[in-house]
Amino acid sequence: MRIDVDHVARLARLGLTEAEKKLFADQLAAILDLAASLQKLDTETVPPTAHAIPMKNVLREDKASPCTDVEAIMANGPVIEDHMFKVPRIIEG
Amino acid sequence: MDYETVIGLEVHAQLLTASKMFCSCPNQFGDKPNTNICPVCTGQPGVLPVTNKKAVELAIKTALALNCTVEPSSVFARKHYFYPDLPKNLQISQYELPLATKGHLEIEVDGVKRKIGITRVHLEEDAGKLVHQGAARIMGADSSLVDYNRTGTPLMEIVSEPDLRSPREAAVYTETLANLLRYLAVTDAKMEEGSLRCDANISLRPKGEAKFGTKTEVKNINSFRAIEKALLAEEKRHEEVLSEGGKITQETRFFDDVTETTTGMRGKEYAHDYRYFPEPDLVPVEPPRTWVAEIKATIGELPWQRKARFVGLSVAGEAAQLLVNDKPLADFLDAAVKLGAKAPTVANWLIGDITAYCKENKKELAGLNFPPAELAELLTLIEKGTLSNKIAKEVLFTALQTGKPVKEIVAASGMTQISDEGELLKIAQEVVKSNPKQVEQYKGGKEAVMMFLVGQMMKATKGRANPEAATRLLKQALG
Ligand SMILES: [Zn+2]
């Protein structure tokens, strides 16, 4: 099975070289082949699962606490203005 | 050709929790930008989100009030897209397995009741806020500033079936829903502040046709008034395109409140491909039946049930609706009635003078130190004839303003109605004596002059005369 690497790369906002496209197309094809082989298994009696661990209802009480690490988070932004992250034009036109 | 309009709505409501959806940052509006942020809601590597129990509870409460089935198991999913207000490049939402499904909400449009299907109620997290530079909106802006305080705010999405048949129905549906959500105290539902948002899907089909036409999604509807306007504009555009034999393109369109038109988004991303998959950091929510039952028990009487009960207490339908639209008012009425006050009278004072006072002074009834017992006291004084209606209004105003008890205000001001008829008769005689011209007119058959004379009595008593007694005693004085 092949995959449209250009499409996947565009969705993930990745710029790939031709060599990388070839490399990833082959790797992704191998992954899809593995998934295809799993499809052949009889799962009639197996309930669908969203998670690998049998846990549910991990909930926290609704309590607010002061925010820490704020300035460390802000330090990730290349340009800060008025304590906000400055980003370039979002929509061209 | 005649067309039928088909509308479905997606309503997003910010939930009234103390903390965010998956972290303990405060969920509050209006703070300094980027102060209520943490490694979890800004998506730093290695963090672990944990679901807010209260948010789940509020969504279940809503789902039950909307007659939905709370699903035995629901799962959070990652919805991927790129936008600067989304620090993780994904939004935690629910997709294939939402919290609740298949309900309905009854609405009444121009006297006709209609049941609108609810497809699903699910939980997700809100995105951040953008402040555009160089232009008022995103189009034409040179750059934007991002505030992540809102990122991760618990958001509930309520999706309707395509059951709405006109822009007006869509507006009524949204208002009915917003009133319900406010009544349940799950959100403050302020569209202007963005705590309630609405996206609308609209399509037209030839009348009698079963198949839906191509739909467009209208965004940027920022007020209750704008819902009907935006959909009327989009409905008209569809009709024009279709009647000229054209085709509607499935797309997202922005509503412009000023021009009252919709425009397609230029530079819009290619077809949505959100690559949903189960959020690996969050385990399924499987609300135990006992918990759901407990939540159900907290709902009590729903607004439409309460309205019917008020109407049963002789409150006019419109007044009853206004009261249940504002739960503290409805609670106030019930409390005052319990103390012996008559429901229709309480309703009149509540939606009349009391609401007017609150609006004028931008105050909430709850913050006024004017409990239901005070209104009940005031109404008793009117009923007993101690206070005239006019004076009672003044007492009310003073009570609302000062927070002093009605009894104290009345005692201190000597504003009670004059009940001594001998004293009133003396005043009536005075009025007759000092207005000979009007007395002449009255005696000549001009009965309307009595109104003037009663007015003079009111003036002389500073409103402390009972109008009926005044009329009677004036007639006596006129001989
Ligand atoms: Zn946080």
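Residues numbered from 1 in each chain as written. Chains lettered and ligands numbered in written order. Predicted model: local features only at pLDDT ≥ 70, side-chain atom pairs only at ≥ 80, totals over all residues. Heavy atoms only, no water.

Structural notes on the sheet that holds strand β3 (residues 69–70) of chain B
The strands that make up a sheet are held in pairs by hydrogen bonds between backbone atoms, and each pair lies either parallel or antiparallel. All names here are of chain B. Within the open sheet, the nine strands sit side by side as β3-β6-β7-β10-β1-β11-β12-β13-β14. Their pairing is mixed. What marks the edges here is a single partner per strand, and that holds for β3 and β14 (261–264). In this structure, β3 lies alongside strand β6 (residues 100–109), joined through two bridges in antiparallel fashion. Its bridge partner being in β6, Val70 is matched across the sheet by Ala100. The strands touched by helix α2 (residues 167–183) are β1 (3–14), β6, β7 (112–125), β10 (154–160) and β11 (196–206); relative to β6, the strand with the most contacts, the crossing angle is about 115°. Strands in contact with helix α3 (residues 224–243) are β1, β11, β12 (216–221), β13 (252–256) and β14; relative to β11, the strand with the most contacts, it is inclined by about 25°. (Pairing = 2+ DSSP bridges. Helix = DSSP H or I, 4+ residues; strand = E, 2+ residues; numbered from the N terminus. Contact = heavy atoms within 4.5 Å. Axes fitted to C-alpha atoms, helices over the stretch in contact; angles between N-to-C directions.)

Let's talk about the domain arrangement of chain B
Segmenting chain B into domains produces domain 1 (3–294), domain 2 (310–408) and domain 3 (421–477). Summarising the inter-unit geometry, the C-alpha centres of domain 1 of chain B and domain 3 of chain B are found 65 Å apart. (Domains from an automatic or database assignment.)

So, the pairing of β11 of chain B
Residue and element names in this part refer to chain B. The element β11 is extensively covered by neighbouring structure, given that nine of its eleven residues are classed as buried. One ladder, built from eleven bridges, connects β1 with β11; its direction is antiparallel. The residue of β11 that forms the bridge with Val11 is Cys198. One ladder, built from four bridges, connects β11 with β12; its direction is antiparallel. Within the sheet, the bridge partner assigned to Asn201 lies in β12 and is Glu217. (Buried < 20%, exposed > 50% of the residue type's maximum accessible area, 1.4 Å probe, protein only.)

Re the coordination of the zinc ion
Residue and element names in this part refer to chain B. For the zinc ion, the protein coordination sphere consists of Cys23 (SG), Cys25 (SG), Cys38 (SG) and Cys41 (SG), at 2.3 to 2.4 Å. Coordination at the zinc ion comes from four donor atoms whose angles at the metal span 99 to 115°, giving a geometry best classed as tetrahedral. All donors of the zinc ion belong to a single chain; written as a sequence motif, their spacing is C-x1-C-x12-C-x2-C. (Donors = N, O, S within 2.8 Å, 3.2 Å for Na, K, Ca; no water. Tetrahedral: all angles 85-135°; square planar, octahedral: opposite > 155°, others 65-115°.)

Quick word on the sheet that holds strand β5 (residues 90–94) of chain B
Residues and elements named next belong to chain B. Spatially, the three strands line up as an open sheet ordered β5-β4-β15, and their pairing is antiparallel. Each of the sheet's edge strands pairs with one partner strand only, and the pair in question is β5 and β15 (277–278). When strand β4 (residues 76–80) meets β5, the two strands line up antiparallel, connected through five bridges. Directly across from Phe76, in β5, lies its bridge partner Gln94.

Here's the deal with the interface of chain B and chain A
Facing 62 residues of chain B, the contacting portion of chain A comprises 38 residues. Interface of chain B and chain A: buried area, both sides summed, is about 4100 Å²; carbon and sulfur atoms make up 62% of it. Counting every contact that joins chain B to chain A gives three salt bridges. Applying the counting rule to chain B against chain A returns 24 residue pairs in polar contact (both at pLDDT 80 or more). Secondary-structure elements contributing two or more residues to the side of chain B that touches chain A are β2 (51–52), α1 (53–65), β8 (129–133) and β9 (143–147) of chain B. Ranked by residues supplied to the side of chain B that touches chain A, first place goes to β9 of chain B with five residues. For the side of chain B that touches chain A, a count of residues per class yields 35 nonpolar, 15 polar and twelve charged. (Buried area = accessible area lost by both parts, 1.4 Å probe. Salt bridge = Lys/Arg side-chain N within 4 Å of Asp/Glu carboxyl O. Polar contact = N/O pair within 3.5 Å; in protein donor to acceptor, adjacent residues only side chain to side chain. Nonpolar A, V, L, I, M, F, W, Y, C, P; charged D, E, K, R; others polar.)

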